Each structure stands twice: as C-alpha cells, then as structure tokens.
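Residues per chain are reported as follows:
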Amino acid sequence: MKKIIAVTGCPTGIAHTFMAEEALKTAAKKLNLEIKIETNGASGVENEITPDDLNDIYGVIIAADKDVNAERFNGLPVIEVPVKEAIHHPVELINKVVSGQLSLRQGISTVPAAEKKKYEQESFGRQIYKHLMSGVSNMLPFVVAGGILIAISFLWGIYSADPNSPQYNAIAATLMQVGQQAFSIMVPVFTAYIAWSISGRAGMVAGFVGGLLANATGAGFLGGIIAGFAAGYFMLLVRRLLDGLPRQYEGLKSIFIMPLIGVLVIGVLMVLLGKPVAAINNGMMGWLSSLQQANPILLGIVVGAMCSFDFGGPVNKAAYVTGTLLLGQGNFFFMAGVSAACITPPLVIALATTFFPKGFSEEERAAGMVNYILGCTHITEGAIPFAAKDPLRVIPMMMIASSISAVLSYSLHIEVPAPHGGFLILPLVSKPLTWVLCILAGSACGAVMLGSWRLWNSRKQPTAALQAGGQNATL
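As the structure is a computational prediction, the values presented were derived from the model and not from experiment.

Caption draft 1: A look at the overall build of the chain. A count of helical and extended segments in the chain gives 16 helices and 6 strands. Relative to its 475 residues, the chain shows a buried fraction of 49%. Partitioning the contacts of the chain with sequence separation of at least 6, the portion at a separation of at least 24 is 71%. With the model as given, the accessible surface of the chain reaches about 22,300 Å², and the carbon-plus-sulfur share is 64%.

Encoded structure:
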C-alpha cells in the first residue's frame with residue numbers, strides 16, 4: 001500500500017514540530033491513508049525516515065522552518081512548506097501529494113514557466129529564513145540554560161558573585177561563572193549554525209570564528225547575522241572552486257585549505273566591519289533602552305504585538321532575542337515585557353474556554369485546560385490551533401492582550417533576569433505578584449474579547465441554520 005512521507009521541524013523543536021505531526025496524522029487518518037512522520041524536535045530526530053521508507057510512496061511533505069536534511073529526498077515528489085502550513089492546512093497538503101501535483105526535488109519542475117521566476121524568488125527567501133531559524137534553534141538552549149543560571153545566582157543578592165561584596169557567596173559565584181560562559185557563546189553558536197545550515201562543517205568553522213569576533217568587537221547579534229551568512233555562502237563558493245581537485249586531495253581540502261581560507265577571510269571581514277556594526281547595534285539597543293524609560297506604553301505595544309503576531313515565529317523571536325541580548329548587558333526590564341507578552345496568548349485561551357464554555361466545543365475546552373500549563377511555562381505556541389481557525393479576528397485580540405501585559409510590566413518597572421521559564425522563575429522576579437497581575441490583566445482582557453466573540457458566533461450560527469431550514473420548508 002502506498003504511503004505518504006512527512007518531516008516536521010520548527011526552530012525551537014518544542015511545539016510547532018509536534019503540532020504539525022499531530023495535524024498530519026489526524027488528516028491522513030480521516031482520508032484513510034498511511035503516513036510516516038519524522039520529527040526534528042529539541043531532543044533530536046524521532047521516527048527517522050529510512051531508505052526503505054522511500055519505496056512505493058505518493059510523495060514527501062517537508063513542513064519545517066529549519067534544516068532537516070532535505071537533500072535525501074532529491075529526485076522524489078516533494079512539497080516544502082513552513083511548519084505552520086501543516087498545522088493549518090494538513091488535508092490540502094496531503095491531497096496535493098496524493099493527486100500527483102508535486103514536482104521532483106532538484107528534478108524537472110512542474111511549475112509553469114510564467115510562475116517559475118516567482119517560485120525561485122520565494123524559494124530563495126524561504127531558504128534565508130530557514131538558515132536564520134537554524135541559528136536561532138541551536139542558540140536557544142545556551143540562552144535559556146545560561147540565563148537561568150545567572151538569574152538563580154541573584155537569589156543570594158545582586159552582588160553575590162562579587163568577591164569584594166558583603167553579599168558574596170561561593171555557590172552564587174559558581175552559578176554566575178557557569179551561566180556567563182554559556183551565555184557568552186550565544187552569538188558564536190548562532191552564527192556557526194547559520195553557516196552550517198548553508199554549507200556544512202566548513203561554513204560552521206568560519207561562522208564560529210566570525211561569531212567570536214562579532215562578540216569581541218561589540219557587533220553582537222547583528223554582526224553574527226552578517227558573519228553567519230557571509231561564512232556560509234563564501235564557503236559554498238570556495239567548495240565549488242575546489243571541486244576540480246583530485247580525490248586524493250579531499251582530506252587536505254576539507255581539513256586544511258577550506259578552514260584556513262574561511263577563517264582568514266571571514267575573520268578579516270569581521271575585524272573590518274566590527275566597529276561600524278557595533279555602532280549600529282549599540283545605537284539600536286540604546287534606543288530601545290531609552291524608549292523603555294521615555295515611552296513604556298509605545299514600547300509595550302510594539303513588543304506585545306510582535307510576540308503575538310506569529311506565536312513563536314520569526315517576529316516573536318526577534319523580540320525575544322532582543323530581550324536576551326539586553327539581559328546580557330544587565331537590562332532586566334526589557335525581558336519582563338517580552339515574557340509577559342509571550343505568556344499571555346495561551347492564558348487568554350485557557351481563561352476564555354473556562355469562563356465562556358458555551359462558545360467552545362468539548363475538544364476546545366480540553367485543549368484550553370492544557371493552555372494553563374503552556375502559558376505558565378512560557379510556551380506561546382499553545383494558542384496556535386485557536387488562532388488558526390480564525391486568524392483575522394483572533395490574532396488582533398491576542399496582540400491587544402499581550403500589549404496590555406507588556407505595557408503594564410514596563411510601566412511598573414518590573415525586572416525579570418531570566419530569559420525563559422514563565423512562572424517557574426517567579427522567585428527571581430523583582431515584583432513577582434505585580435508581574436503575575438499584569439499578565440492576568442492582559443489575559444483577562446483577551447479572554448473577554450475572545451469569549452464574547454465565540455459566544456456571539458455560536459448563537460448566530462444556529463439562528464442562521466434555523467432561518468435556512470424555514471426557507472427550505474417554504475420552498
């Protein structure tokens with residue numbers, strides 16, 4: 001019996017990956033089709049696709065926002081989409097595969113000539129996004145582990161890691177040292193994995209050195225992006241230029257020539273660009289910090305809207321990464337608003353399904369209970385299934401709710417020294433009860449909006465059905 005092959009993967013490997021898997025499984029079951037799904041999650045590859053699995057298949061669905069080794073499917077019918085597409089439209093994807101509408105990967109394209117240029121442009125932009133998300137995905141564990149260890153060290157006092165302070169504590173100093181080391185390689189790891197996603201190990205070496213120099217020159221995250229893409233694409237060029245070397249020089253090429261050229265060129269590039277990029281980076285961070293004091297309402301609206309725009313996607317990640325970078329500079333205020341905005345959407349769902357039960361199905365109410373846990377642990381993605389059903393209405397509601405939470409957090413000058421953890425890090429928050437109340441205020445506003453809309457909509461549908469029935473009876 002023919003089957004469908006699918007691969008899912010998101011930048012963090014926590015929520016979207018497995019939500020896409022579940023959506024595809026459910027859709028395949030409804031269509032009475034066999035499907036095997038490989039997940040590329042935070043803990044690694046599970047249910048891995050083997051060469052034997054690629055026999056007698058309809059085609060392959062790659063729903064991923066990071067590199068999932070798609071080259072192994074070259075020559076097969078493949079459709080490559082963002083992971084959210086599998087969550088929102090699994091039936092449509094499966095129908096495309098079964099109906100034979102797919103082109104062969106790196107084979108003869110079935111895209112009409114008039115659309116080919118547009119397709120290629122979209123494909124390039126999609127690749128840029130995937131490379132960037134590969135860097136973010138591999139960077140996040142370092143950020144979370146290092147940031148939380150630093151934050152825990154503050155339990156003994158803000159200056160507990162300073163040997164010259166009366167607050168000094170050996171345990172706190174050790175936690176601070178370990179956390180700072182993990183946190184300090186955030187940019188090099190980010191840069192290295194962008195380059196690795198583009199050109200493999202050769203790019204990774206040059207990218208890591210470029211990231212270290214971005215740190216050393218103060219170019220930071222912006223410099224890391226430049227170094228990562230420069231290293232990746234430059235090493236692709238070098239590899240092609242060296243393709244003519246005899247096979248017996250393969251070891252010399254991969255271990256000596258390519259790393260040497262890559263490190264030299266990218267290293268010199270970052271030394272030259274370091275100071276100008278650092279000036280831009282510092283100016284941007286300074287503007288955000290000043291906005292925090294001068295106009296916390298505007299900052300809260302911007303951060304809240306970003307965090308709830310795509311629920312863990314690139315816009316959300318831009319706000320989150322900015323917060324983590326400011327944490328590294330000792331700014332604990334910015335992350336308070338970011339975390340509050342990220343926690344709010346799943347709590348909106350949880351509260352709405354609890355206090356407006358008649359507006360939701362039994363299945364939605366069960367999912368709503370799970371969102372209490374997801375929200376309290378800073379997992380924004382729990383809101384995606386609800387937003388996907390009515391994005392034009394639900395997403396603006398979430399953005400308003402998150403903005404309220406962020407504005408209140410900034411206005412009340414709350415400090416959050418850890419980059420993740422939700423309510424698990426409350427002992428580290430400067431005003432824990434106030435912060436929780438800020439988040440609940442925004443969540444409650446969102447829940448009232450969403451719950452009222454769903455109630456009105458559920459009452460409207462039976463009325464419309466009744467009127468339609470009356471008209472049919474008259475006819």
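Caption draft 2: Spotlight on the packing of aromatic side chains. Using the criterion set out here, one finds 5 aromatic pairs in the structure. Centroid distance F229 to Y233: 6.5 Å. Interplanar angle 10°. Geometry classified as stacked. Taken as a pair, F229 and Y233 lie in helix α8 (residues 220–241) at a separation of 4 residues, close to a single helical turn. Judged by relative accessible area, which is 15%, F229 ranks as buried. Residue Y233 is classed as partly exposed on the basis of its relative accessible area of 31%. Where F334 meets Y410, the ring centres are 6.1 Å apart and the plane angle is 45°; that geometry is what we call tilted. Within this pair, whereas F334 is found in helix α12 (residues 333–355), its partner Y410 is found in helix α15 (residues 391–411), the two being separated by 76 residues in sequence. Across the pair, Y410 and F334 agree in class, each one buried.

Caption draft 3: Here's a closer look at the UniProt feature "transmembrane region" (unreviewed entry) in the chain. The sites that UniProt annotates as "transmembrane region" (unreviewed entry) are residues 139–159, 171–196, 208–235, 255–273, 294–312, 332–356, 394–413 and 433–453. Across residues 171–196, the secondary structure splits into 96% helix and 0% strand, with the terminal C-alpha atoms separated by 37 Å. Between the end C-alpha atoms of residues 394–413 the distance is 29 Å, and the span holds 90% helix and 0% strand.

Caption draft 4: Main features of the sheet that holds strand β5 (residues 77–81). The 6 strands lie next to each other as β3-β2-β1-β4-β5-β6, forming an open sheet whose pairing is mixed. Among the strands making up the open sheet, the edge pair consists of β3 (44–46) and β6 (103–104). As paired elements, strand β1 (residues 3–9) and strand β4 (residues 57–64) share 7 bridges and run parallel to each other. Counterpart to K3 in the pairing with β4 is I57. On top of the sheet, helix α1 (residues 16–30) reaches β1, β2 (34–41), β3 and β4; it is set at about 175° to β2, its chief contact.

Caption draft 5: Focus on the environment of A367. Structurally, A367 is set in helix α13 (residues 362–376). Sequence separation between A367 and G382 is 15 residues, and the spatial gap between their C-alpha atoms is 8.6 Å.

Caption draft 6: Spotlight on the layout of surface pockets. Of the voids in this model, the second largest pocket is the one considered here, and its volume is about 770 Å³. Lining the second largest pocket are 23 residues, and of these E22, A23, E363, P385 and K389 lie nearest its centre. Counting residues per element, the ones that place at least two in the lining of the second largest pocket are α1, α2 (83–88), α3 (90–98), α13 and α14 (384–389). Residue composition of the lining of the second largest pocket, grouped by class: 13 nonpolar, 4 polar and 6 charged. Counting residues domain by domain, the lining of the second largest pocket receives three or more from each of domain 1 (3–102) and domain 3 (295–459).

Caption draft 7: Seen up close, the nonpolar core. By size, the foremost hydrophobic cluster in this structure holds 66 residues, and its most contacted members are M139, V338 and W435. At 9 residues, the largest contribution of residues to this core is made by α12. Among the domains, domain 2 (124–280) and domain 3 (295–459) are the pair contributing at least three residues each to this core. The residues touching V338, leaving out its near neighbours within four places in the chain, are V303, C307, A319, Y320 and Y410.

Caption draft 8: Up close: the pairing of β5. Where β4 meets β5, 4 bridges bridge the pair, whose relative direction is parallel. Considered in β5, the bridge of I62 is made with E80. Where β5 and β6 come together, 2 bridges link them in antiparallel fashion. Opposite V78, over in β6, you have S103 as the bridge partner.

Caption draft 9: A look at helix α7 (residues 201–217). In this model, α7 (17 residues) spans 24 Å end to end at C-alpha, consistent with the 24 Å of a helix rising 1.5 Å per residue. When we look at burial in α7, the residues that qualify are A202, G203, A206, G207, G210, G211 and A214. Seen from one end, α7 has its buried residues packed into an arc of 155°, which puts them on one side. For α7, the exposed residues lying more than 90 degrees away from the buried face are R201 and A216.

About the thresholds
Residues numbered from 1 in each chain as written. Predicted model: local features only at pLDDT ≥ 70, side-chain atom pairs only at ≥ 80, totals over all residues. Heavy atoms only, no water. Helix = DSSP H or I, 4+ residues; strand = E, 2+ residues; numbered from the N terminus. Buried < 20%, exposed > 50% of the residue type's maximum accessible area, 1.4 Å probe, protein only. Contact = heavy atoms within 4.5 Å. Areas by Shrake-Rupley, 256 points an atom, 1.4 Å probe, with all protein chains shown as cover. Phe/Tyr/Trp six-rings, centres within 6.5 Å; stacked < 30°, edge-to-face > 60°. UniProt positions renumbered as here; feature names shortened; annotations may be inferred. Pairing = 2+ DSSP bridges. Axes fitted to C-alpha atoms, helices over the stretch in contact; angles between N-to-C directions. 1 Å grid on protein atoms, 1.4 Å probe; cavity = no way out; pocket = protein on both sides within 12 Å on 5 of 7 lines; lining within 4 Å. Points joined across faces, edges and corners; volume = space filled by probe spheres on them. Nonpolar A, V, L, I, M, F, W, Y, C, P; charged D, E, K, R; others polar. Domains from an automatic or database assignment. Core = buried A, V, L, I, M, F, W, Y, C linked by side-chain atoms within 4.5 Å. Expected span 1.5 Å × (residues − 1). Arc of directions from axis to C-beta.

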